[in-house]
2 protein chains.
Amino acid sequence: MSAEEFRRQGHAVIDWIADYFARIESFPVLSRVRPGEIRSQLPQSAPRAGEAFEQILGDIERVILPGITHWQSPNFYAYFPANASGPAILGDLLSSGLGVQGMLWSTSPACTELETQVLDWLVPMLGLPEHFLSSSTGGGVIQDSASSAALCALLAGRERATQFHSNRHGCDGKLVAYCSTQTHSSVEKAAKVAGIGALNLRQIEVDANFAMRPEALERQIAVDRKAGMIPCFVCATVGTTSSNAIDPVREIARICREQDLWLHVDAAMCGTAALCPEFRFLHDGVESADSYCFNPHKWMFTNFDCDCFYVADRKHLIRTLSVLPEYLRNQATLSGAVIDYRDWQIPLGRRFRSLKLWFVIRHYGIEGLQHHLREHVRLAQEFAGWVRNDARFELAAPAPLNLVCFRLRHGDGANQKLMEALNSSGDLYLTHTKLDGKLTLRMCIGQTNTEARHVQEAWRRVLEETARLTA
Amino acid sequence: MSAEEFRRQGHAVIDWIADYFARIESFPVLSRVRPGEIRSQLPQSAPRAGEAFEQILGDIERVILPGITHWQSPNFYAYFPANASGPAILGDLLSSGLGVQGMLWSTSPACTELETQVLDWLVPMLGLPEHFLSSSTGGGVIQDSASSAALCALLAGRERATQFHSNRHGCDGKLVAYCSTQTHSSVEKAAKVAGIGALNLRQIEVDANFAMRPEALERQIAVDRKAGMIPCFVCATVGTTSSNAIDPVREIARICREQDLWLHVDAAMCGTAALCPEFRFLHDGVESADSYCFNPHKWMFTNFDCDCFYVADRKHLIRTLSVLPEYLRNQATLSGAVIDYRDWQIPLGRRFRSLKLWFVIRHYGIEGLQHHLREHVRLAQEFAGWVRNDARFELAAPAPLNLVCFRLRHGDGANQKLMEALNSSGDLYLTHTKLDGKLTLRMCIGQTNTEARHVQEAWRRVLEETARLTA
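Criteria and cut-off values
- Residues numbered from 1 in each chain as written.
- Chains lettered and ligands numbered in written order.
- Predicted model: local features only at pLDDT ≥ 70, side-chain atom pairs only at ≥ 80, totals over all residues.
- Domains from an automatic or database assignment.
- Contact = placed C-beta atoms within 7 Å.
- Nonpolar A, V, L, I, M, F, W, Y, C, P; charged D, E, K, R; others polar.
- Least-squares fit on C-alpha atoms with pLDDT ≥ 70 in both.
- Pairing = 2+ DSSP bridges.
- Helix = DSSP H or I, 4+ residues; strand = E, 2+ residues; numbered from the N terminus.
- Axes fitted to C-alpha atoms, helices over the stretch in contact; angles between N-to-C directions.
- Buried ≥ 20, exposed ≤ 12 C-beta atoms within 10 Å, placed from the backbone.

## Some remarks on the domain arrangement of chain A
All names here are of chain A.
Then, in step 1: According to the domain assignment, chain A consists of domain 1 (3-68), domain 2 (100-351) and domain 3 (365-470).
Then, in step 2: If you average the C-alpha positions of domain 2 and of domain 3, the two centres end up 31 Å apart.
Then, in step 3: At the junction of the two partners, domain 2 supplies 18 residues and domain 3 supplies 17 residues.
Then, in step 4: Classifying every residue of the side of domain 2 that touches domain 3 gives 12 nonpolar, 6 polar and no charged.

Next up, the structure:
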């Protein structure tokens, strides 16, 4: 593709995206295609000769769009927001254009140093402890997801507990890790991957607000030690996926310090809220954690993938994940004066992901980010108030931030029907969970362009469908 | 950022990239900054108020560019090519703009179905076996890197060998995996991550061409079985990182079938060459492998990250990596009629990466891709010929494709000096390895815009610096 062609087609793609955002509310939020419908419109085999770019771009409109569930719609309230923004998209575009590999400092120093600096910026922005700074004993790194961050944390905990024996000899079936019954499934997956085993991940019971019971954790650790097992890792969550429950990190951290267990704090969606001082209660106790992560690709206007993972003491992480074959040796690495992020993650290769994060922080500024987060929380609180004031509904859990878990007091069947009616209408999209064994709808507010009018309309539609259901 | 502002700034970023490619040869290929130099030009903390986009983009030029090692330069011959192209950059831009999550089919059906279709396209394109097709027992998925593909393959092998016992109970120190002394370090890392342990990864000796000795593999498996260990996995490489050595996959596959071991074939860089029938000897024996990967983000004009990972029987992989918490349950998943790629990888979240791959294949067409690959191989063979015909040099390994391993016959010191002189000149960038214990330079040809004149100039510079060194 010539420079001239790239310029022309690049402008066309930018325009397509701008137009897409302008008309995004005209699409049903949840795609309506049936399994196989998109594939059936694609050729059976690749073209022998190249095709014109106009034709390719035209197929986005014709073939791809009907199969898109519109995560960037202001009417998207499902799962978690994966909110993007103009500066993020353009920062990521520059990353694609530069096309550098950041596996080592020397393979593109700016890729490593910008990442270190921006992750250091975020430490005071979120009220995180100073030892998470790269200038202290710790440091931050961008992972693809909170799943990978949890895996890296679990591995570092595993290695610290075995004095790096399991890296050399493998696991021996005696390691135990802990989370709660509400912890994200990625921790169970990490326990499988790391050779610890799902049955050796103890899912500690939770209290009435779905937060981990520290006394139950302490009891279980004692039971395991008595049985000759080796406790190595605890995952606490600040804002669980199901209900936004906040585990008591300070109390859990005390236990972990006493028992010498690695404490990882997963704040994937909610950590971003700590940009606002009034929500910084979220991070109470995090100063005693060994690692922490939050995802700008969830609620901080930065397109996937961008999970910020911090450790209090980088040497355990690096020793756990380090490899140095001859073909990666270089003076800068051997000097010890640089960070090689390949030793902070599972894969070797890495993209210049800090560019988009840098663009977002600079475009919005701290105050701009705070403004949008406060508005999202305010809208969610308003929605929770409407639920509270309608006798047909109940809140299924406290709503401390931007997630409202609610349900009709008419049983699972009614709630399932309500959700299906709302989602199939295309007007909005929300998903469910189970709390106390009951089907519960999750209204998660955090899309970049969600405004009061969207949330009001969502509630109006909930009421409308409820009236139809209960008629 | 308003739609109008996005349009204007988006055009500016596209133009910046087009201009960057036009002047890329004017920069020293290897960045010349010292550790800390980029960071020292960045503010100590994030701005309170938002900044103008012009200012942010201006800093790319002023602050970031000096710290870039130009992987997209036609004079980049280091490590492996990470070649990008216009259609890849624009496909990825669309992925950022759509901002969808492809963790489940239902979270954006087009994201899953396009990926399945494009990965099916590649099966006949590369002469891969039909059971790698999604319509058969297998299927393909895009991973971030060959490291992650190797980890997933190792986990599936681990689980198959233990009848899924280790996923539940953890590893027990008895599992053994195999690779060669020349296998990429990611397999050692995977063995650590998976709880198998680096000491339980047997690095089998290689022949004079740095390819695994199957008889040595067979012998080691017998020794391990006798010792009560449980062999579970072999990684064969088609084009090793150090020297492009090609392990005898057919013979290794026979042993794996007899011993019931999972065979993974890593063709990260070289697999792309199989687009040309004359290089398809690479895939001899792959029809008996359990899994296979190659990286379009290395040599197929698709920007990072894009590793294509295939399995012969998807049920083992899915059972190994599957999780299904309540909040991810949905009708499509429960119907069994769709693929949920979250069960084919470590992380949960995933980007719409097949867009860029689709764009590349359609833009170039099969014939266009073949044309460029043949040219890269032709240029490498020409370079190898020059080395062969100059008595001061020797080829350190066969050069079957696009990588030429060569050295001066004057010892490690001279080769180190030659490499440093070339790289510090900024005219080109190449890296080293050790083969037979000797420092060896690696000339890897595969950048999108590398032409005969660049390779000729590279050789002229090698001769020039050699003359200076040996004067």
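On we go.
## Thoughts on the relation of the copies chain B and chain A
In summary, the two copies of the chain are related to each other by a rotation about an axis coupled with a shift along it.
Then, in step 1: By a simple turn and slide, chain B fits onto chain A: the slide is 0.0 Å along the axis, the RMSD is 0.0 Å, and the turn is 180°. Classification of the inter-copy transformation places it as that of a two-fold axis.
Then, in step 2: Same-surface contact between copies: 100% of interface residues of chain B are shared with the interface of chain A.

## A few points about the sheet that holds strand S8 (residues 393-395) of chain A
Pairing between the strands of a sheet comes from backbone hydrogen bonds, and it takes one of two forms, parallel or antiparallel.
Residues and elements named next belong to chain A.
Then, in step 1: Strand order in the open sheet made by the 4 strands is S8-S9-S11-S10, with antiparallel pairing throughout. Here the strands that pair on one side only, and so sit at the sheet edges, are S8 and strand S10 (431-435). Across this sheet, the average inter-strand angle for adjacent strands is 40°, counted without regard to direction.
Then, in step 2: Bridge analysis of S8 against strand S9 (residues 403-408) gives 3 bridges, and the strand direction is antiparallel. If you follow Phe-393 over to S9, its bridge partner there is Leu-408.
Then, in step 3: Packing of helix H14 (residues 412-425) onto the sheet brings it into contact with S9, S10 and strand S11 (438-444), and relative to S11 it is tilted by some 30°.

## Examining the environment of His-131 of chain B
Residues and elements named next belong to chain B.
Then, in step 1: Relative to the helices and strands, His-131 is located in the loop between helix H4 (109-125) and strand S1 (139-143).
Then, in step 2: Given 17 C-beta atoms within 10 Å, His-131 falls into the partly exposed group.
Then, in step 3: Along the chain, His-131 and Arg-314 lie 183 residues apart, while their C-alpha atoms are 9.9 Å from each other.
Then, in step 4: Dropping the residues within four chain positions of it, His-131 is found in contact with Ser-136, Thr-137, Gly-138 and Ala-312.

## Quick look at unusual backbone geometry
Then, in step 1: Here the bond from Phe-304 of chain A into Asp-305 of chain A is cis, since omega is 5°, no more than 30 degrees from zero.
Then, in step 2: Tracing the chain through its elements places Asp-305 of chain A in the loop between helix H10 (296-299) and strand S7 (307-311).
Then, in step 3: With a phi close to 40°, Tyr-79 of chain B is a non-glycine residue in the positive phi region.
Then, in step 4: Even without glycine at this site, Phe-301 of chain B takes up a positive phi of about 65°.
Then, in step 5: When you line up the elements, Phe-301 of chain B lands in the loop between helix H10 (296-299) and strand S7 (307-311).

## Concerning the sheet that holds strand S1 (residues 139-143) of chain A
Residues and elements named next belong to chain A.
Then, in step 1: As summarised here, the arrangement of the 7 strands in space is S1-S7-S6-S5-S4-S2-S3, forming an open sheet in which the pairing is mixed. Each edge of the open sheet is held by one strand with a lone partner, namely S1 and strand S3 (201-204). Within the sheet, the average angular offset between the axes of one strand and its neighbour, ignoring direction, is 20°.
Then, in step 2: Two strands pair when backbone bridges link them, and strand S4 (residues 230-237) and strand S5 (residues 262-266) are joined in this way by 5 bridges, in the parallel orientation. Paired with Thr-237 across the bridge in S5 is Asp-266.

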